[in-house]
Amino acid sequence: MQAGRISIWFFIGISLLVNGTLITGAGIGEIFRPPANPVVLYQLHANIWWGALLLVCGLSSCIRFAPGRKS
Amino acid sequence: MTPWLAVLLATRLVRLSAVDLGIVVFYFALVLSIGWYLKGRAKTGEDFFMAGREMTAWIAGLSFLSANLGALELMGWAAAAYQYGILATHWYWIGAIPAMLFLALVMMPFYYISKTHSVPGYLKLRFGEPSRALSAISFACMTVLMSGINMYSMALVMKVVLGWDIHFSIWASSLTVAIYVALGGLRSAIFNEVLQFVLIWAGTLLIPILGLVETGGWENLKLQIAHNASPEYTHLWSTLGSFNNNPMGIHWTGIVFGLGFIISFGYWTTDFLVVQRVLAAKDLRSAKLAPIIGAGFKMMVPIIVILPGLLGLAVLPVKLTGETSAVANGGHSYNEVLPLMLARYCAPGLLGLGVTALIAGFMSGMAGNVSAFATVWTYDIYRALLNRKASDRHYVTMGRWCTVLGVLISVGTAYLVMSFASIMDYVQALFSFFMAPLFGTVVLGMLWKRATGPGGFWGLLAGTLSSIGMWAWVKVDPQALRYVALSPNARDMAENMYRALWSWIVCVLVTVAVSSMTKPSTDSELHGLVYGVTAIPYEAEAKFYQRPWLWAVVVSVAFVVLNILVW
């Protein structure tokens, strides 16, 4: 579904890309400065791998549905 | 006591870091940007109210589901899962899937071929102006009232969970919705709903994943729930043989006929809030596929709603209670189970995304309400009853102002509820009065060509009044519960289901009786509106895997298998 030239999936890609970057960054920061009150299963570092997953999905969506790109 | 819990109990439920706040602020900026970007594409009535009828099946289907997936839906049903166990899943499976498939395969052709812009609009075509006026006015009033109640409840949750000022929560979220819907109309609402749908999953899916890791898988989770609560909490059907054998106090007849047939069909097939999304599809095949896609995802929603509630029963070190007890004793209520699980597993960043998911859920529900309100007010009340001859541009302007007005009325309702909390119970009951009879009227209108205009109107009115009458009867005399709900042990949910069933039966009987005494419409008058006198286009050009019936069969098989797995 195109809105003019920009697809809804491009907006979603932007959202996942930005959120994934922030979450992964926060997770990496926690490795260097461990929190005083860690969450349960902190040792799994969910924010790093979940953030990375969102980042990859977001980046793929941004590239695939970039404005002006022919689908 | 674990360190994370000590921190929570000492302060508010969760405390957001700078990264979390950044994620929330970015979300608000993005939804406003989408509204701003789409404002140039909402110039005609067809664009503003129907999104140009150009949505693909996927966009319409995800939006159809997202409009229903509000924050209160997320937190309320997670709370119900903690309180009643896996029985809460019935509202996602039998309470939704058959109705969504029925909408797709049976009802959608008539909504779509008639080119109606709303459900009251269909009633006008089929039964005449009185039926449209009755359903439009009741829908418009109830929609903004419900929107206000949801707004207040959400602001209350934000206060409890995040410590946010209740006025700030109400105004920030409602003005954001007003701006992006008023700018871009239904297209903007739908675009944001799809974004919100993705964010809801991204923000909450980690809870069941990490919860199952902590408990050691589904089988171990069942053992822990059996130990902490009762083995009945993990059975969907096997405890429904008696009102007394399950935590909800309900019988299988109430679930199958009350919830699975009347309430769910009433909501999913005639509530314009959700049907409007499907009417925006680009062609009939997409309009039929959209509810089927929605049904496929609806079956999976228990993963992010019911499972966290069940996990809460197994892993939370504190016992959650009802709202009254929680307030009196300073503990946590059932309604806080989802935020508690979010706080348990989600470190900075993930917590912001989880909170964004809750806000997104609230805003998608509210945008659904105000866009549906604007359409029904403009087309079915203002144009039909007050100003028939204005230009298309005038109606678009009216729609934009209605969006803002609808939000302001919702805010007013939110403040009214803040002062008189008991209003909430009454308005929620009021909303339920209209759904079951409306389903009776619409389904008879589509499937029985002998139904007449007077039959449709008097059936709808009688069904609605009988529902109100039964509710008032039980309020005045609680002993009446044994007649309305077939058992003195029935709880509120069971009462709602049986009341819906009786009011639907009253609606159907009165419609049939009055129709048989009044003059029938001719076939030419019913063309495009009723089964038997309407040629339904066959998707001859579509490949077999593109045909709606195939995917309806796939969803049906998955539905049956899932129910058997947790029988």
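Residues numbered from 1 in each chain as written. Chains lettered and ligands numbered in written order. Predicted model: local features only at pLDDT ≥ 70, side-chain atom pairs only at ≥ 80, totals over all residues. Heavy atoms only, no water.

A count of helical and extended segments in chain A gives 2 helices and 2 strands. Starting at the N terminus and walking to the C terminus, you meet the elements of chain A as β-β-α-α. Its C-alpha atoms give chain A a radius of gyration of 16 Å, more than 25% over the compact-globule value 11 Å for 71 residues. Once the C-alpha set of chain A is aligned to its principal axes, its extents read approximately 50 × 20 × 15 Å. A buried classification covers 42% of the 71 residues belonging to chain A. Here chain A displays about 3,800 Å² of accessible surface, and carbon together with sulfur accounts for 68% of that area. (Helix = DSSP H or I, 4+ residues; strand = E, 2+ residues; numbered from the N terminus. Rg over C-alpha atoms; globule rule 2.2 N^0.38 Å. Buried < 20%, exposed > 50% of the residue type's maximum accessible area, 1.4 Å probe, protein only. Areas by Shrake-Rupley, 256 points an atom, 1.4 Å probe, with all protein chains shown as cover.)

Once that is clear, we can look at the overall build of chain B. Tallying secondary structure elements over chain B gives 25 helices and 0 strands in all. The proportion of buried residues among the 567 residues of chain B is 61%. Within chain B, contacts between residues at least 6 apart in sequence are counted, and of these 83% link residues at least 24 apart. In chain B, 34 positive and 25 negative side-chain charges are present, and the distance between their average locations comes to 6 Å. (Contact = heavy atoms within 4.5 Å. Lys, Arg positive; Asp, Glu negative; His and termini not counted. Charge placed at Lys NZ, Arg CZ, Asp CG, Glu CD.)

Turning our attention to unusual backbone geometry. Unusually for a residue other than glycine, A:Leu41 sits at a positive phi of about 65 degrees. As for its placement among the helices and strands, A:Leu41 is situated in the loop between α1 (8-32) and α2 (46-64). In this structure, B:Ala51 takes a positive phi of about 55 degrees despite not being glycine. As for its position among the elements, B:Ala51 is in the loop between α3 (45-50) and α4 (57-66). Judged by relative accessible area, B:Ala51 falls into the buried class, the value being 0%.

Residue and element names in this part refer to chain B. Core analysis: the biggest nonpolar cluster contains 209 residues, and Tyr111, Ile255, Trp268, Val305, Ile359, Met363 and Val442 have the highest contact counts within it. The element contributing the most residues to this core is helix α18 (residues 350-386), with 19 residues. In contact with Ile359, other than residues within four places in its own chain, are Val24, Tyr27, Phe28, Met154, Met158 and Trp164. (Core = buried A, V, L, I, M, F, W, Y, C linked by side-chain atoms within 4.5 Å.)

Quick look at the side chain of B:Thr270 now. Residue and element names in this part refer to chain B. With respect to the secondary-structure elements, Thr270 resides in helix α12 (residues 252-270). In terms of polar contacts, Thr270 uses its side chain to reach the backbone carbonyl oxygen of Gly266, at 2.4 Å. Leaving out residues up to four positions away in the same chain, Thr270 has contacts with Tyr111, Val119, Phe265, Val275, Met435, Leu438, Phe439 and Val442. (Polar contact = N/O pair within 3.5 Å; in protein donor to acceptor, adjacent residues only side chain to side chain.)

On to empty space enclosed by the protein. Rolled over the atoms, a probe sized like a water molecule indicates the empty space that remains. For the structure on display, the rule yields 4 cavities of 30 Å³ or more. Volume-wise, the largest cavity comes out at about 100 Å³. In this structure, the largest cavity is lined by 11 residues; those nearest its centre are B:Ser135, B:Ser138, B:Phe139, B:Phe434 and B:Leu438. Counting residues per element, the lining of the largest cavity draws most heavily on helix α8 (residues 129-162) of chain B, at 5 residues. Split by residue class, the lining of the largest cavity holds 8 nonpolar, 3 polar and no charged. For the second largest cavity, the calculated volume is near 60 Å³. Taken together, A:Glu30, A:Val39, A:Val40, A:Leu41, A:Tyr42, A:His45, A:Ala46, A:Asn47, B:Leu210, B:Tyr345, B:Ala347 and B:Leu350 form the lining of the second largest cavity. Partitioning the lining of the second largest cavity into residue classes produces 9 nonpolar, 2 polar and 1 charged. (1 Å grid on protein atoms, 1.4 Å probe; cavity = no way out; pocket = protein on both sides within 12 Å on 5 of 7 lines; lining within 4 Å. Points joined across faces, edges and corners; volume = space filled by probe spheres on them. Nonpolar A, V, L, I, M, F, W, Y, C, P; charged D, E, K, R; others polar.)

Helix length check: α2(A), at 19 residues, gives a terminal C-alpha distance of 27 Å against a target of 27 Å (1.5 Å per residue), a fit within 8%. Of the residues making up α2(A), those classed as buried are A:Ala46, A:Asn47, A:Trp50, A:Gly51, A:Leu54, A:Gly58, A:Ser61 and A:Cys62. One face of α2(A) carries all of its buried residues, which in axial projection span an arc of 110 degrees. In this structure, the buried side of α2(A) is in contact with α1 of chain A together with α9 (166-204), α10 (206-215) and α18 of chain B. (Expected span 1.5 Å × (residues − 1). Arc of directions from axis to C-beta.)

Once that is clear, we can look at the pattern of salt bridges. Two side chains with opposite charge may pair up if their charged atoms get near one another. All names here are of chain B. Here the structure, examined in full by the defined rule, presents 12 salt bridges over all chains. A salt bridge links Asp47 to Arg187; its shortest N-O distance comes to 3.9 Å. Pair noted here: Asp47 is in helix α3 and Arg187 is in helix α9, with a separation of 140 residues, a long-range link. On the basis of relative accessibility, which here comes to 1%, the residue Arg187 falls in the buried class. When the shortest N-O distance is used, the salt bridge between Arg187 and Glu54 registers 2.9 Å. With Arg187 in helix α9 and Glu54 in the loop between α3 and α4, this residue pair connects regions lying 133 residues apart in the sequence. The network of salt bridges with shared partners includes Arg41, Asp47, Glu54 and Arg187. (Salt bridge = Lys/Arg side-chain N within 4 Å of Asp/Glu carboxyl O.)

Our focus in this paragraph is the interface of chain B and chain A. On the side of chain A, 30 residues touch chain B, which itself brings 38 residues to the contact. Regarding the contact of chain B and chain A, the summed buried area is about 3,000 Å², with carbon and sulfur atoms giving 82% of it. Our enumeration of links across chain B and chain A arrives at 0 salt bridges. The interface formed by chain B and chain A contains 3 residue pairs in polar contact (both at pLDDT 80 or more). For the side of chain B that touches chain A, the elements supplying multiple residues, two or more each, are α1 (3-10), α2 (18-38), α4, α9, α10, α17 (337-345) and α18 of chain B. Along the lines of polarity and charge, the residues of the side of chain B that touches chain A split into 31 nonpolar, 2 polar and 5 charged. (Buried area = accessible area lost by both parts, 1.4 Å probe.)

Here we take up the confidence of the model for chain B. Residue and element names in this part refer to chain B. Here chain B shows a mean pLDDT of 88. Residues at 70 or above account for 96%. Contacts for the low-pLDDT stretch residues 1-11, under 50 throughout, to residues beyond four places or in other chains number 18 contacts. For this predicted complex, the interface score ipTM comes out at 0.93, alongside a pTM of 0.90. (pLDDT = per-residue confidence, 0-100.)

Here we take up a nonpolar patch on the surface. Residues and elements named next belong to chain B. Together, Leu105, Trp549, Val553, Val557, Val561 and Leu565 line one region of the surface with nonpolar side chains, adding up to about 560 Å² of accessible area. Take the nonpolar patch: its biggest share by element is 5 residues, from helix α25 (residues 548-565). Position of Trp549 relative to the elements: it lies in helix α25. (Patch = residues over 30% accessible without salt bridge, like charges linked within 9 Å, V, L, I, M, F, W, Y side chains within 5 Å.)

A few words now on the packing of aromatic side chains. By the definition in use, this model includes 29 aromatic pairs over all chains. Positioned over the ring face of A:Phe65 is A:Arg64, at 4.7 Å from the centre of the ring. Against the face of B:Trp36 rests B:Lys39, its NZ or CZ located 3.9 Å from the ring centre. (Phe/Tyr/Trp six-rings, centres within 6.5 Å; stacked < 30°, edge-to-face > 60°. Lys NZ or Arg CZ within 6 Å of the ring centre and 35° of its normal.)

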